[in-house]
Amino acid sequence: MGRTGVWYLAYGSNADPGRLGCYLRGGRPEGGRRVYPGCRDRAAPRASAAVEVPGAVYFATESPVWGGGRAFYDPTVPGGPVLARAYLITPGQFSDLAAQEMYRTPGQGPDLDLAGVLRDGRAVLGDGRYETLVCAGLLDGRPLLTFTAPWAMGEVPPNPPSAAYLRCVARGLLGAGAWDARTVAGYLAARPGAAGCWTAGQVLDLAGCGQGPAGGG
């Protein structure tokens, strides 16, 4: 796996390659409030792909970086599909991404042991909001790995995402080239947390694909 890499499954703001670049190379994303140290290996992803996986994405808790809710993935919810973007990176980069999501400094501890998540499809590393690893399947024979919260979707109240955060997610999914703007906007506006607070038209505006007033909860 160290030679071939892993696919990082980005279902939230990291679907946007510019935002992901702040995790890889270091920096502050547009509209965000945090400067990221970056990975030890700052190389760009070797490939990216649009993917659809089972489960559900929802917005909950309160992001100190963006304000508003942030995206989480629950692979146990029937239905779907979840629209996401996969990036081919090294296991070490995936470990450093996870460390930054967990508010830790990359390289201060050992790399993640991925044996558990590859064997069982899920590995809980802690009770933090991005301390659960999930393997959502395979792409070209390599695992689709991501991180999410240990709780189920229905166990926390939904919270609408901020405009800056939602813009990042929308632009990232659109940039994958697999879905048109209306499909992406309708998908995001229907996610728990966004539903009833953001319309598809407003999401289109945020992504630069509409003409109406942007707004939201």
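Described in the following lines is the structure provided in the data block.

This paragraph deals with the side chain of Arg191. Along the chain, Arg191 falls in the loop between α5 (181–189) and α6 (200–206). Setting aside anything within four residues of it in sequence, one finds Arg191 in contact with Val57 and Phe59.

Let us look at the pairing of strand β3 (residues 56–60). Counting buried positions along β3 yields 5 of 5 residues, so the element is predominantly enclosed. Burial along β3 is two-sided: Ala56, Tyr58 and Ala60 and Val57 and Phe59, pointing in opposite directions, are all buried. Bridge count for β3 against strand β4 (residues 70–74) is 5 bridges, and the pairing is antiparallel. What sits directly across from Ala60, in β4, is Arg70.

Here we take up the packing of aromatic side chains. Applying the stated rule across the entire model yields 10 aromatic pairs. Centroid distance Phe59 to Tyr165: 6.3 Å. Interplanar angle 85°. Geometry classified as edge-to-face. Residue Phe59 is located in strand β3, and its partner Tyr165 is located in helix α4 (residues 163–175); the two are separated by 106 residues in the primary sequence. Like Phe59, the residue Tyr165 is buried in the burial classification. Aromatic rings pair up to connect Tyr58, Phe72, Tyr130 and Trp151 into one cluster.

This paragraph deals with the packing of helix α1 (residues 17–25) against helix α2 (residues 91–101). Close contact between α1 and α2 brings their axes to 9 Å; oriented N to C, the two are set at 100°. On the basis of the axis angle, α1 is roughly perpendicular to α2. Two secondary-structure elements touch here, α1 through Leu20, Cys22, Tyr23 and Leu24 and α2 through Gln93, Leu97, Gln100 and Glu101. When the residues that make up the contact of α1 with α2 are grouped by side-chain class, the tally is 5 nonpolar, 2 polar and 1 charged.

A few words on the packing of α4 against α5. The interhelical angle for the contact between α4 and α5, taken along N-to-C directions, is 140°, at an axis separation of 10 Å. Our classification of the angle between α4 and α5 gives oblique. Helix-helix and strand crossings are classified by hand; for α4 and α5 the assignment is right-handed. Here Leu166, Val169, Ala170, Leu173 and Leu174 of α4 come into contact with α5, specifically with Ala181, Val184, Tyr187 and Leu188. In terms of residue class, the contact of α4 with α5 is made up of 9 nonpolar, no polar and no charged.

If you look at the biggest cluster of nonpolar residues, it comprises 67 residues, and the most contacted ones within it are Tyr8, Phe94, Leu173 and Leu188. Not counting residues within four places of it along the chain, the set of residues in contact with Leu173 comprises Ala15, Leu83, Ala84, Arg85, Trp179, Val184, Tyr187 and Leu188.

Reading across from one edge, β2-β5-β1-β8-β7-β6 is the order of the 6 strands in this open sheet, with mixed pairing throughout. Edge positions in the sheet fall to β2 (47–53) and β6 (122–124), since each of these pairs with one other strand and no more. The average undirected angle you get between the axes of adjacent strands in this sheet is 30°. Here strand β1 (residues 6–10) runs beside strand β8 (residues 142–148); their pairing, made up of 2 bridges, is parallel. The partner of Tyr8 across the bridge, within β8, is Leu145.

What counts as what
- Residues numbered from 1 in each chain as written.
- Predicted model: local features only at pLDDT ≥ 70, side-chain atom pairs only at ≥ 80, totals over all residues.
- Heavy atoms only, no water.
- Helix = DSSP H or I, 4+ residues; strand = E, 2+ residues; numbered from the N terminus.
- Contact = heavy atoms within 4.5 Å.
- Buried < 20%, exposed > 50% of the residue type's maximum accessible area, 1.4 Å probe, protein only.
- Pairing = 2+ DSSP bridges.
- Phe/Tyr/Trp six-rings, centres within 6.5 Å; stacked < 30°, edge-to-face > 60°.
- Axes fitted to C-alpha atoms, helices over the stretch in contact; angles between N-to-C directions.
- Parallel < 35°, antiparallel > 145°, perpendicular 65-115°, else oblique.
- Nonpolar A, V, L, I, M, F, W, Y, C, P; charged D, E, K, R; others polar.
- Left-handed = near helix turned anticlockwise from the far one by under 90°.
- Core = buried A, V, L, I, M, F, W, Y, C linked by side-chain atoms within 4.5 Å.

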